[in-house]
Amino acid sequence: MNTPDWPDQVFAALKRAAVRQIAYVPDAGHARLITRAHEDPSLNTIVLTTEEEGIALAAGAWLGGVRAALLMQSSGVGNCINMLSLPVNCRVPLLLLVTMRGEWGEFNPWQVPMGQATEAVLRAAGVIVHRAITAEEVAPMVAAAAHLAYDSRVSVAVLFSQRLIGAKQFVATEAAP
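Sequence order sets the numbering: in each chain, residues are counted from 1 along the sequence as written. Totals for whole chains, interfaces and linings use all residues, but because this is a predicted model, local features are given only for residues with pLDDT of at least 70 and pairs of side-chain atoms are given and counted only at 80 or more. With hydrogens and water excluded, all non-hydrogen atoms of the structure serve as input to the side-chain values.

1. Let's talk about the overall build of the protein
Okay, so step 1: Helix and strand assignments follow DSSP, with helices taken as H or I runs no shorter than four residues and strands as E runs no shorter than two, numbered in order from the N terminus. When helices and strands are counted, the protein shows eight helices and six strands.
Okay, so step 2: Seen in sequence order, the protein has helices and strands lined up from the N terminus as α-β-α-β-α-β-α-α-β-α-β-α-β-α.
Okay, so step 3: The C-alpha atoms of the protein give 16 Å as radius of gyration, which agrees with the globular expectation for 177 residues (16 Å, within 12%).
Okay, so step 4: Across its three principal directions, the C-alpha atoms of the protein cover 55 × 35 × 30 Å.
Okay, so step 5: By residue count, 46% of the 177 residues in the protein fall in the buried class.
Okay, so step 6: Here a residue-residue contact requires only that any non-hydrogen atoms of the pair lie within 4.5 Å. Within the protein, contacts between residues separated by at least 24 positions form 75% of all contacts whose residues are at least 6 apart in sequence.
Okay, so step 7: Areas reported as accessible are Shrake-Rupley estimates using a 1.4 Å probe. Residue values count occlusion only from the protein chains shown. Surface exposure of the protein reaches about 8500 Å², of which carbon and sulfur atoms provide 58%.
Okay, so step 8: Side-chain charges of the protein comprise 13 positive and 15 negative groups, with the mean position of each set lying 8 Å from the other. For the radius of gyration, the atoms used are the C-alpha atoms, and the globule rule reads 2.2 Å times the number of residues raised to 0.38. The classification of residues rests on relative accessible area computed with a 1.4 Å probe and restricted to protein chains. Under 20% of the type maximum is buried, over 50% is exposed, and intermediate values are partly exposed. Counting rule for charge: Lys and Arg are taken as positive, Asp and Glu as negative, and neither His nor the chain ends is counted. Every charge is mapped onto a representative atom, which is NZ of Lys, CZ of Arg, CG of Asp or CD of Glu.

2. Structural notes on unusual backbone geometry
Okay, so step 1: Even without glycine at this site, Ala18 takes up a positive phi of about 65°.
Okay, so step 2: With respect to the helices and strands, the residue Ala18 is situated in the loop between α1 (6–16) and β1 (19–24).
Okay, so step 3: The exposure class of Ala18 is partly exposed, given its relative accessible area of 41%.
Okay, so step 4: Positive phi outside glycine occurs at Arg153, with the angle close to 55°.
Okay, so step 5: You can see Arg153 is positioned in the loop between α7 (135–152) and β6 (155–160).

3. What about the packing of aromatic side chains?
Okay, so step 1: Pairs were defined over the aromatic rings of Phe, Tyr and Trp, the Trp ring being its six-membered one, requiring ring centres within 6.5 Å. Orientation was assigned from the angle between planes: stacked under 30 degrees, edge-to-face over 60, tilted for the rest. Evaluation of the coordinates by the stated rule reveals two aromatic pairs.
Okay, so step 2: Plain terms: the ring middles of Trp62 and Tyr150 are 6.4 Å apart, the flat faces sit at 10° to each other, and that makes the pair stacked. A residue pair is termed long-range when its members are at least 10 positions apart, and Trp62 in helix α3 (residues 51–63) and Tyr150 in helix α7 qualify at 88 residues.
Okay, so step 3: Tyr150 sits in the buried class, given a relative accessible area of 4%.

4. Quick notes on the sheet that holds strand β3 (residues 67–73)
Okay, so step 1: Strand order across the open sheet formed by six strands is β2-β1-β3-β4-β6-β5, with parallel pairing between neighbours. Only two strands of the sheet have a single neighbouring strand rather than two, namely β2 (44–47) and β5 (128–132). This sheet shows a mean twist of 20° between the axes of neighbouring strands, independent of strand direction.
Okay, so step 2: Pairs of strands are assigned from DSSP output, requiring at least two bridges between the strands. The pairing of β5 with β6 spans five bridges and is parallel. Of the residues in β6, the one forming a bridge with Arg131 is Leu159.
Okay, so step 3: With respect to the sheet, α3 is in contact with β1, β2, β3 and β4 (94–99), its orientation differing from that of β3 by roughly 170°. Axis lines are fitted through C-alpha atoms, for helices just across the contact stretch, and the angle between N-to-C directions can take any value from 0 to 180 degrees.

5. Examining α3
Okay, so step 1: In this analysis, the expected span of each helix is defined as 1.5 Å times one less than the number of residues it contains. Counted at 1.5 Å a residue, the expected span for α3 with its 13 residues is 18 Å, and the 19 Å between its end C-alpha atoms agrees.
Okay, so step 2: Of the positions making up α3, those classed as buried are Glu51, Gly54, Ile55, Ala58, Ala59, Ala61 and Trp62. Each buried residue of α3 sits inside an arc of 160° when the element is viewed along its axis, so together they form one side.
Okay, so step 3: On its buried side, α3 packs onto β1, β3, α4 (74–77), α5 (85–90), β4 and α7. Of all possible arcs, the one meant is that of the directions from the helix axis to the C-beta atoms.

Function-wise, these values are silent; they only describe arrangement.
Structure below.
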């Protein structure tokens, strides 16, 4: 079930956790959260060209006294495998909010392998993983993950299931003449 207000609740949880920087690779699953971040002048929003840049930005933000969150899609987790060692080795907190693909109603076969491997890959890299399936659990889960990450200086990911965000649909277009 796709409940439209859960991204607003996640945004409120990030604000309560004193997150001041949000880095992201554009993603339809995070669209509402990204829009809210851009509308808030107290937040520094950074568009990334690749997800692993966000890990370095979050580490730099922490060293500068700022809490950051990194938004990405499950396919981006594969891009970050090596870089995930940075926050673990340096005891820098990392909060990842990951929209899942390759699960519930997926139409794109290229999304399935990383979507199925995301949780195991994150755990193997030393990231604590929580999975949100219902809209009701998202905001409390993000709040708890933020406290765990920032208070304990660990990496924590919240996976937003494809069932929660809604499966993308393939839309055929007419061929050009």
